[in-house]
Amino acid sequence: MTALIDLKNVNKYYGDYHALRDVSLEIAQGEFFSLLGPSGCGKTTLLRTIAGFEDPSDGTLHIAGADMNGVPANARPTNMVFQSYAIFPHLTVAENVGFGLRKSPSSKTDKMKSVEEALEMVGLKGFGGRAAHALSGGQRQRVALARALILKPKVLLLDEPLSALDKKLREQMQSELRRLQRQVGITFILVTHDQEEALIMSDRVAVMFEGEIAQLADPQTLYKRPLSRKVGDFIGVMNFLPAAVRNATAIELDVAGLGPVTIAPDQAPSTAKTGPAEVGIRPEMMSILFEGEPDRETIAEGIIKDRAYYGDMTYYDVHLKNVDQPITISMKNIIGRPVLDIGDTARVSWDARSLVLFSD
Amino acid sequence: MLSRLAGMDAPLAILNTENKKGLALISAPLGYVIAMLAVPLAAILLISFWTQDFQTFDTTPTLNNYREAVTDPLYRELLFRSIRIAGLVTLVTVLLAFPIAYFISFHVAPSRKSLWLFLITIPFWTSYLIRVFLWKVILGFNGVLNSGLQTVGIIDEPLTFILYNANAVVITLAHAFAPFAILPIFVALEKIDRSLLEASQDLGESKLSTFFRVTLPLAMPGVVAAVLIVFIPTIGDYVTPRLVGGPDGLMIANMIQVQFLRLNNAPMGATLAVIAMVSVSLIALLFVALNRRYLRGPR
């Protein structure tokens, strides 16, 4: 089984600027794939390269086995949902959705029928006659989706399609997009800077920094086992503690504030060697024991420096003994658990299995 | 009762302060426009219903002038010729202006666009009259063009179809009005979201068909503006046909001038002016309506 999309050693230069650095990537048929990264990391350039709006400076791109070198955007089996949606303002909703059908050999009534079906699929049944400029942001996005999906592309490319929507609508569209993708079975490639969105929607995520893929993994691996401090920092919240590796094969370390720990090989990079390093731990992987709770095996002492109450959660900044930087710990506000005050002492319970070692 | 009074007071208060302020602000230009535009127009309209009685006006209202203007083949020919020449000038100007506007909008680096627009306005640094004279020098029997072509041996006899006829009027006016056509088209092209063009290509259209399906329809407001800006003044142009038009290139404005100043028949001149104005208005309205209906232009 060959990959539907196969990029090999793709580079892109704009003058001196190196926008894509040796990107190699395989995306399977039917996958929901995300390109995640901060602005300027090259994720949009990569998407536009797949769409055919940018030519790679070197490297190869195959879609469904066909070399895309020199194939213009209008001849590629890809369609795109643009960040601005790019709805044609001089056309009606139906004319927008049917825009790409001009060359299709099917009859006019068939075309109108498929436009109706596409509109129904995105929940805009009966909107066909409306003027495009009279639509709301969410509706424009649905039109853009229908317009791309009606052509039954092999790959649908989405360039930050949800960034212009408000939070409620964005969350609704996230699940709707996911449902739609499962329904049509088309490969989706989503560009986003929102790590939560990438985790929620994707089968796999490629995290990009400065034109390079820093890590390519499924959402759980990405969150639990980031390969670098940068990835761990970008995805969610992560605390970093200085550490010293004593034994690189058995992976024994001393972690500031936590003491001596032994971790499993999959929690450390294969390049780990003895000497100074860093350990990452997620805020929800630690907990503050409250009065009356029995002591656990692994406890660190600390003082609460700050707290933020979110309703369902409380975030504490805790100063551990012998650690300069405070660490963040999140606690669910379950029944009977008090919200602690600034200045209280905290017994912090943690688990060696939730640590990740970084050697960079 | 009190609330009703308050409700009635509020709009009156707005009328008193806001409207007074507004009226005060526009009174000076309004007075100027009334004195210099509305009054003369009303006078022309009024005089067109009078008749010339040697040195004085016979002020009995009559439609005789209009009857004569419509039936006399000379006047009709001049009006139709004016419309034809203005239409041709508009067509040539807009067709030449569009590629220039397109080039500046799509192919000139953003930092250099203002420089290009500045260059386009350079012809305005010379007076309109002098530019018309220059075309006379270029197109004349012994002009730059003819002597140049004769020197290099392309022609033996001077070309005569380029001066003192309608062609010369079209060439001269098209050159004079080119910047007026370029600017509105450029503005309309600048406003087009470039991702629309990518979307069109993404949906299977080539660059050429994208131009006809997306770029041109979206640029139509600018094209319509250019057409009106060129057509309306050229139909009434007087200087260019006078200087380079010869007998076959004379237009309705020249006849109006003749009626007023040579034949001492101001009522007939006024009638021709009114007919010309009405024709221009009708054609302009028709064009805007057609554009809205068929080309999905400005909304």
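Please read these numbers as outputs of a predicted model, since none were measured by experiment.

## Quick look at the overall build of chain B
Scanning chain B from terminus to terminus reveals 12 helices and 2 strands. In chain B, the succession of helices and strands from N to C terminus is α-β-β-α-α-α-α-α-α-α-α-α-α-α. For chain B, whose C-alpha radius of gyration is 25 Å, the value lies well above the compact-globule estimate of 19 Å for 299 residues. Considered along the principal axes of its C-alpha atoms, chain B spans approximately 95 × 75 × 35 Å. Looking at chain B as a whole, 31% of its 299 residues are labelled buried. Long-range contacts, defined as pairs at least 24 residues apart, comprise 74% of the intrachain contacts of chain B with a sequence gap of at least 6.

## Regarding the overall build of chain A
Across its full length, chain A carries 8 helices and 20 strands. Taking the principal axes of the C-alpha coordinates as reference, chain A spans close to 75 × 45 × 35 Å. Buried positions account for 39% of the 360 residues belonging to chain A. Look at the contacts in chain A between residues 6 or more apart in sequence, and 66% of them connect residues 24 or more apart.

## Focus: the pairing of strand β6 (residues 78–81) of chain A
Residue and element names in this part refer to chain A. With burial as the criterion, each face of β6 is covered, one bearing T78 and M80 and the other bearing N79 and V81. As judged from the 4 bridges shared by β6 and strand β7 (residues 155–159), these two strands associate in the parallel manner. Bridged to N79 within β7 is L156.

## Observations regarding unusual backbone geometry
Residue and element names in this part refer to chain A. Despite not being glycine, A64 shows a phi value in the positive range, around 50 degrees. Judged by the 15 C-beta atoms lying within 10 Å of it, A64 is partly exposed. Look at N322: it is not a glycine, yet its phi comes out positive at around 70 degrees. Counting through the fold element by element, N322 comes out in the loop between β17 (313–320) and β18 (327–332). N322 sits in the exposed class, given 12 other C-beta atoms within 10 Å.

## A closer look at the confidence of the model for chain B
All names here are of chain B. Summary statistics for chain B give a mean pLDDT of 88 and a share of 93% for residues scoring 70 or more. Counting contacts from residues 1–8, a segment whose pLDDT is below 50, to residues more than four positions away or on other chains yields 0 contacts. Overall fold confidence (pTM) sits at 0.83, and the ipTM for the predicted complex is 0.85.

## Quick word on the sheet that holds strand β16 (residues 299–309) of chain A
In any sheet, the strands associate via hydrogen bonds between backbone groups, in a parallel or an antiparallel arrangement. Residue and element names in this part refer to chain A. Read across the sheet, 5 strands follow the order β15-β19-β16-β17-β18 without closing on themselves; strand pairing throughout is antiparallel. Each edge of the open sheet carries a strand with a single partner, namely β15 (287–289) and β18. Put simply, the sheet's adjacent strands are angled 50 degrees from each other on average, direction ignored. Sheet topology places β17 next to β18; 6 bridges connect them, and they run antiparallel. Across the sheet, the residue bridging to D317 is T328, located in β18.

## Considering helix α11 (residues 252–262) of chain B
Residue and element names in this part refer to chain B. Those residues of α11 lying buried are I252, A253, M255, I256 and Q259. One side of α11 holds all its buried residues, which, seen down the axis, span an arc of 160 degrees. The exposed set on the far side of α11, more than 90 degrees from its buried face, consists of L261 and R262. Count one or two residues on from α11 and you reach N264, which has phi positive near 55 degrees.

## Some points on the sheet that holds strand β14 (residues 275–281) of chain A
All names here are of chain A. Strand order in the open sheet formed by 5 strands is β13-β12-β11-β14-β20, and the pairing between neighbours is antiparallel. On the outer flanks of this sheet lie β13 (259–262) and β20 (356–358), each paired with one strand and no other. Taking the axes of each pair of neighbouring strands and ignoring which way they run, one obtains an average angle of 40 degrees across the sheet. Sheet analysis places strand β12 (residues 252–255) next to β13, joined by 4 bridges and oriented antiparallel. In the sheet register, E252 faces β13, and the bridge partner there is T262.

## Topic: the domain arrangement of chain A
Residue and element names in this part refer to chain A. Each domain of chain A was delimited in the assignment, giving domain 1 (5–229) and domain 2 (237–358). For domain 1 and domain 2, the distance between their C-alpha centres works out to 39 Å. Counting residues at the interface gives 5 residues for domain 1 and 7 residues for domain 2.

## Focus on the interface of chain B and chain A
Taken together, the contact between chain B and chain A spans 15 residues of the former and 16 residues of the latter. Sorting the residues of the side of chain B that touches chain A by element identifies α8 (194–202) and α9 (207–235) of chain B as the ones contributing at least two each. For the side of chain B that touches chain A, the element with the most residues is α8(B), which contributes 6 residues. Taken together, the residues of the side of chain B that touches chain A sort by class into 6 nonpolar, 4 polar and 5 charged.

## Remarks on the nonpolar core
In this structure, A:A146, A:I189 and B:I185 are the most contacted members of the largest nonpolar core, which totals 135 residues. Looking at this core, the element that brings in the most residues is helix α7 (residues 166–190) of chain B, giving 16 residues. Each residue touching A:A146, except ones within four places of it in the same chain, is listed here: A:V97, A:A118, A:L119, A:M121, A:V122 and A:L124. Membership of the second largest hydrophobic core comes to 25 residues, among which are A:L253, A:A300, A:L320 and A:V356.

## Some words on helix α5 (residues 167–184) of chain A
All names here are of chain A. Taking 1.5 Å as the rise per residue, α5 with 18 residues should run 26 Å; its terminal C-alpha atoms sit 26 Å apart, in good agreement. All of the buried residues along α5 are M173, L177 and Q181. Down the axis of α5, the buried side of the element spans an arc of 70 degrees, and every buried residue falls inside it. Facing away from the buried side of α5 by more than 90 degrees, the exposed set consists of K168, S175, R179, R182 and Q183. Residues of α5 that are buried make contact with β3 (32–36), α4 (137–149), β8 (187–192) and α6 (195–201).

Criteria and cut-off values
- Each residue is numbered by its place in its chain's sequence as written, counting from 1.
- In the order they appear in the text, chains get letters beginning with A and ligands get numbers beginning with 1.
- Totals for whole chains, interfaces and linings use all residues, but because this is a predicted model, local features are given only for residues with pLDDT of at least 70 and pairs of side-chain atoms are given and counted only at 80 or more.
- Secondary structure counts use DSSP, requiring at least four H or I residues in a row for a helix and at least two E residues in a row for a strand, with both numbered from the N terminus.
- Radius of gyration here is computed from C-alpha atoms only, and the compact-globule reference equals 2.2 Å multiplied by the residue count raised to the power 0.38.
- Using C-beta atoms placed from the backbone, we call a residue buried if 20 or more other C-beta atoms fall within 10 Å of its own, exposed if 12 or fewer do, and partly exposed for counts in between.
- Note that contacts rest on C-beta atoms placed from the backbone: two residues are in contact if these are within 7 Å.
- DSSP calls a pair of strands paired once it identifies at least 2 bridges connecting them.
- pLDDT measures the predictor's confidence residue by residue and takes values from 0 up to 100.
- Every angle, taken between N-to-C directions, lies between 0 and 180 degrees, and every axis is a line fitted to C-alpha atoms, over only the stretch in contact when it is a helix.
- Summarising the geometry, the arc corresponds to the directions from the helix axis toward the C-beta atoms.
- Domain segmentation is taken from an automatic or database assignment of domains.
- Nonpolar residues are Ala, Val, Leu, Ile, Met, Phe, Trp, Tyr, Cys and Pro. Charged residues are Asp, Glu, Lys and Arg, and all others, Gly as well, are polar.
- The nonpolar core is taken to be a set of buried Ala, Val, Leu, Ile, Met, Phe, Trp, Tyr and Cys residues joined by way of C-beta atoms within 7 Å.
- The span one expects for a helix is its residue count, reduced by one, times 1.5 Å.

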